[in-house]
Structure formats: C-alpha cells, structure tokens
Amino acid sequence: MAHLSRTDRTTIWYSAAGVPAPARVVACDGRMRTGTAYRLARSGTALLWRGDFVAARRMLRALGRHADGAAPPAGTFAEHRRRRAEYARIRAALLVPLGPGPRVPLRAAPDVRAACAAAYGRVGRPGAVALTALLGALGAERWRRVGVPVPALGARIHPHYGVFAPTRHEYVDLVAAAPLPATTRAYEVGTGTGVLAAVLARRGVAEIVATDTNVRAVRCATENLHRLGYGGRVTVLAADLFPPGRAPLVVCNPPWLPATPAGPLDTAVYDPDSVLLRRFLAGLADHLVPGGEGWLVLSDLAERFGLRTRAELLAAVDGAGLRVLGRLDTAPRHPRATADDGPLGVARAGEVVSLWRLAPA
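Residues numbered from 1 in each chain as written. Predicted model: local features only at pLDDT ≥ 70, side-chain atom pairs only at ≥ 80, totals over all residues. Heavy atoms only, no water.

For the protein, an unreviewed UniProt entry supplies the name Methyltransferase small domain-containing protein and the organism Actinocatenispora rupis.

### As for the overall build of the protein
Secondary structure summary: the protein contains 12 helices and 15 strands in total. Its C-alpha atoms give the protein a radius of gyration of 22 Å, within 12% of the compact-globule value 21 Å for 361 residues. Considering only C-alpha atoms, the protein reaches an extent of 70 × 45 × 30 Å along its principal axes. The burial tally for the protein puts 48% of its 361 residues in the buried class. Across the protein, contacts joining residues at least 24 apart in sequence account for 67% of those joining residues at least 6 apart. Roughly 16500 Å² of accessible area belongs to the protein as shown, and the carbon and sulfur atoms make up 53% of that amount. (Helix = DSSP H or I, 4+ residues; strand = E, 2+ residues; numbered from the N terminus. Rg over C-alpha atoms; globule rule 2.2 N^0.38 Å. Buried < 20%, exposed > 50% of the residue type's maximum accessible area, 1.4 Å probe, protein only. Contact = heavy atoms within 4.5 Å. Areas by Shrake-Rupley, 256 points an atom, 1.4 Å probe, with all protein chains shown as cover.)

### Quick word on the packing of helix 4 (residues 113-120) against helix 5 (residues 131-146)
In the contact formed by helix 4 and helix 5, the axes pass within 8 Å of each other and the chain directions differ by 105°. One element, helix 4, and the other, helix 5, form an angle in the roughly perpendicular class. For the pair helix 4 and helix 5, contact is made by Ala114, Ala115, Cys116, Ala118, Ala119 and Tyr120 and by Ala133, Leu134, Ala137, Leu138 and Glu141, respectively. (Axes fitted to C-alpha atoms, helices over the stretch in contact; angles between N-to-C directions. Parallel < 35°, antiparallel > 145°, perpendicular 65-115°, else oblique.)

### Re the packing of aromatic side chains
Within this structure, the stated rule accounts for 5 aromatic pairs. For the ring pair Phe77 and Phe305, a centre distance of 5.1 Å and an interplane angle of 20° mean the geometry is stacked. Taken together, the residues span a long stretch of sequence, with Phe77 in helix 3 (residues 77-91) and Phe305 in the loop between helix 10 (301-304) and helix 11 (310-319) at a distance of 228 residues. When sorted by exposure, Phe77 lands in the same class as Phe305, which is buried. Arranged with centres 5.7 Å apart and planes meeting at 15°, the rings of Phe242 and Phe280 form a pair that is stacked. Pair noted here: Phe242 is in the loop between strand 11 (234-238) and strand 12 (247-252) and Phe280 is in helix 9 (residues 275-284), with a separation of 38 residues, a long-range link. Both residues of the pair, Phe242 and Phe280, count as buried. Each residue in the set Phe77, Tyr270 and Phe305 is aromatic and connected to the rest through ring pairs, giving one cluster. (Phe/Tyr/Trp six-rings, centres within 6.5 Å; stacked < 30°, edge-to-face > 60°.)

### Quick word on the environment of Glu312
Its location among the elements puts Glu312 in helix 11. A relative accessible area of 39% places Glu312 in the partly exposed class. At 2.9 Å, the side chain of Glu312 forms a polar contact with the backbone nitrogen of Thr309. (Polar contact = N/O pair within 3.5 Å; in protein donor to acceptor, adjacent residues only side chain to side chain.)

### With respect to the environment of Arg203
Summarising the element assignment, Arg203 is placed in the loop between helix 7 (195-202) and strand 10 (207-212). Separated by 139 residues in the primary sequence, Arg203 and Gly64 place their C-alpha atoms 45 Å from one another.

### Concerning the sheet that holds strand 11
Taken in spatial order, the 7 strands line up as 11-10-9-12-13-15-14 in an open sheet, and their pairing is mixed. A strand with exactly one partner marks an edge of an open sheet, and here the two such strands are strand 11 and strand 14 (322-330). On average, each strand axis in the sheet is inclined to that of its neighbour by 20°, with strand direction left out of account. For strand 9 (residues 185-189) and strand 10, the ladder comprises 5 bridges, and the chain directions are parallel. What sits directly across from Tyr187, in strand 10, is Val209. Across the sheet, helix 6 (residues 170-177) lies against strand 12, strand 13 (288-299), strand 14 and strand 15 (353-360), angled at about 45° from strand 15, the strand it touches most. Helix 9 contacts strand 12, strand 13, strand 14 and strand 15 of the sheet and is inclined by roughly 165° relative to strand 13. (Pairing = 2+ DSSP bridges.)

### A short note on a positive patch on the surface
A contiguous patch of positive charge, built from Arg57, Arg58, Arg61 and Arg65, is present on the exposed surface. Relative to the helices and strands, Arg58 is located in helix 2 (residues 53-70). Residue classification places Arg58 among the partly exposed residues on the basis of a relative accessible area of 47%. (Patch = residues over 30% accessible without salt bridge, like charges linked within 9 Å, V, L, I, M, F, W, Y side chains within 5 Å. Salt bridge = Lys/Arg side-chain N within 4 Å of Asp/Glu carboxyl O. Lys, Arg positive; Asp, Glu negative; His and termini not counted. Charge placed at Lys NZ, Arg CZ, Asp CG, Glu CD.)

### Focus: the confidence of the model for the protein
When the pLDDT values of the protein are averaged, the result is 91; 92% of them are 70 or greater. In the predicted structure, residues 5-9 sits below a pLDDT of 50 and forms 7 contacts with residues beyond four places in sequence or in another chain. (pLDDT = per-residue confidence, 0-100.)

### Things to note about the side chain of Asp212
Within the fold, Asp212 resides in strand 10. Look at Asp212: it is buried, it has no salt bridge, and the nearest opposite charge is Arg216 at 11 Å. Not counting residues within four places of it along the chain, the set of residues in contact with Asp212 comprises Gly190, Thr191, Gly192, Ala217, Val218, Leu237, Ala238 and Ala239.

Structure representation (structure tokens):
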C-alpha cells in the first residue's frame, strides 16, 4: 500500500502484489477516446475511471486490443514475454476507486468485499486499485467459492487468492497413476493448494507432510485437505523445500520455466536459472529412506522454448548424485496446447509432461 498522487490531492494505492503506485494519474470517463487513453497509458500515465463500472471494463478491453494490435508477432519466448509484459502494463494503467467497506463507488460495480478482504485485508481509507488487479481478485474469490474440479480426486480444490489454481490436470493424473514405492509416509515439496498431497492421501498414503514457503498456500492447502477429510493424515508446514527427516516418497512439481516471474503468482510457473529445481535435486537424496523415490513432475516446455536442454536437466540429476528409475509421460489437454500462436504455439502443441522417478545413484 502506498500514497498515490493525483492532481492536488492524494489517495491510497492498493496493490497485493507490491506494484509501485503510478507517478502520474489523470481522471477519465467514457468521454475519453480509446486512442487517447492508450497513448496516455503507454506513456506511463494512469487513468482513474470516473464513469460506470461496465464502461470501465469496455475501456479495459479496448486498451487490450490496442496493445495487441501494436505488438509484432512473437517469434521467441523472450519476445513473447516482452509483448505480454507491455500488454499487462497498458491494461494495468486503468484504475478504479476503492473505498471503505470495501466497495467500488461506481455505478453497476459488483460486490467486492470478499475479494478485496482476501487480497488487501482491511480497506480503511479511500484509495485506488488497478482494474486488472481487482478483476483478478474477483476471479480468485470465485475460484475459492466454487472450486476447481479435479477428476483424479473426484472432488474440487478451492484455491485462495495468490495461490496457483490446479486447472491443468495432466500432472495430477501422473501422480495419481505412478506406482507407489510405499504407502507409509510421503513428503510433498511446494504444495500450493494441496492437490497432490490430497491425491497421495486418496491413494492410501498413511502420513504426508506438505510444505510451502507461501503462507497463503499453507492456509489454502490446510483448508482443502480438511475439507476433503484428509486433515488427520496430512500436515502442512511453512518450510523452505524439505521438511525434517526422510520418507519413502518425496514429490515435487516445481515451476517449469527457468525465467524471472513478473509477479507473486508467476512464481508457480517461473524459476529463475532453475534454482528451485536444482535445490530440490541437490537435497533429495538426504530426505529419502533406502529404497525410496523422488518424483519430479516437469513439462518439457523449457526445452521446446530453448530455455533449458534435456542434457542440462540430466546433468543436474547426475550432479545431484541421482539416477533415473523411470519416467511416465503424458500430453497436456489444456486449451493453450492446441492454440495457434506462431512458433510458440507449435512448441506448446508438442509439449510433454513427465513424472521422473529418481533415486540415489
């Protein structure tokens, strides 16, 4: 939270992601032409909306179309990320007021109380928020309320704000299908919503310890596991990677792409320089009992985007004193896997998600 300067007064800037307040802000409404709004946003000037909420959403879509039309096609992953970052920056320039309640004091605005409480905590003073961030919070609150169906569980997982939703099922299905080395005890590193810990519990693992560094994820996983009836068998800890001790099975689904995250939620997807992956591999042997296995769930998109080679991955496994016992592969079924998006779309269409079964060499 920070102060946001606007003409001759100030207001409070609300950002759960820690995004800095814009330096320049002008008021606008439906009388402003989209081209003018786009030029201002592109120059770094934020637009504080004074019209009704429905019109604000129309302006947001129009800004997105302008940003998309101005960007050249992405031929590489780096170009794609630059293009998406600019697209996000332009759209994030459109702000709406946020007041105590919390409420958005615009005509036809939705009820934002639960969404803003989850994202920003107490909203005690009038302020402003990026419309894209507010819509993200509203979407997250809907996921939390309705839940995400997970076929491998025969149930729904309810993500919290700031915790990556398990909308892709193929990696969950791999954990549901791989042969268990034992059913006595398992660790899950980086549990997120707790979905993989829940799958292991459903498969009959008697004791599971799940960890995450994100305190929102710890609360989210704990809530999900209790809702599913597994709270007595699964302990969720705030910990950096491994819990203390050893287990016959250690599972990790790390971020798949070695690149820099653009925001907190991106940390579930991007792992700069594969640091988290390498740390998991380096510490795995010390947390397995004799005869135990580590399950590494990983997409090959990093290889297809030219961010990491298969040889580099296998060298990291070997360098950690591990060997590959086997691998289960599956093809993704999410909509982006078949979307036509130039060279990156071709890479996504061929994506393979694998569960690597690892053990000490």
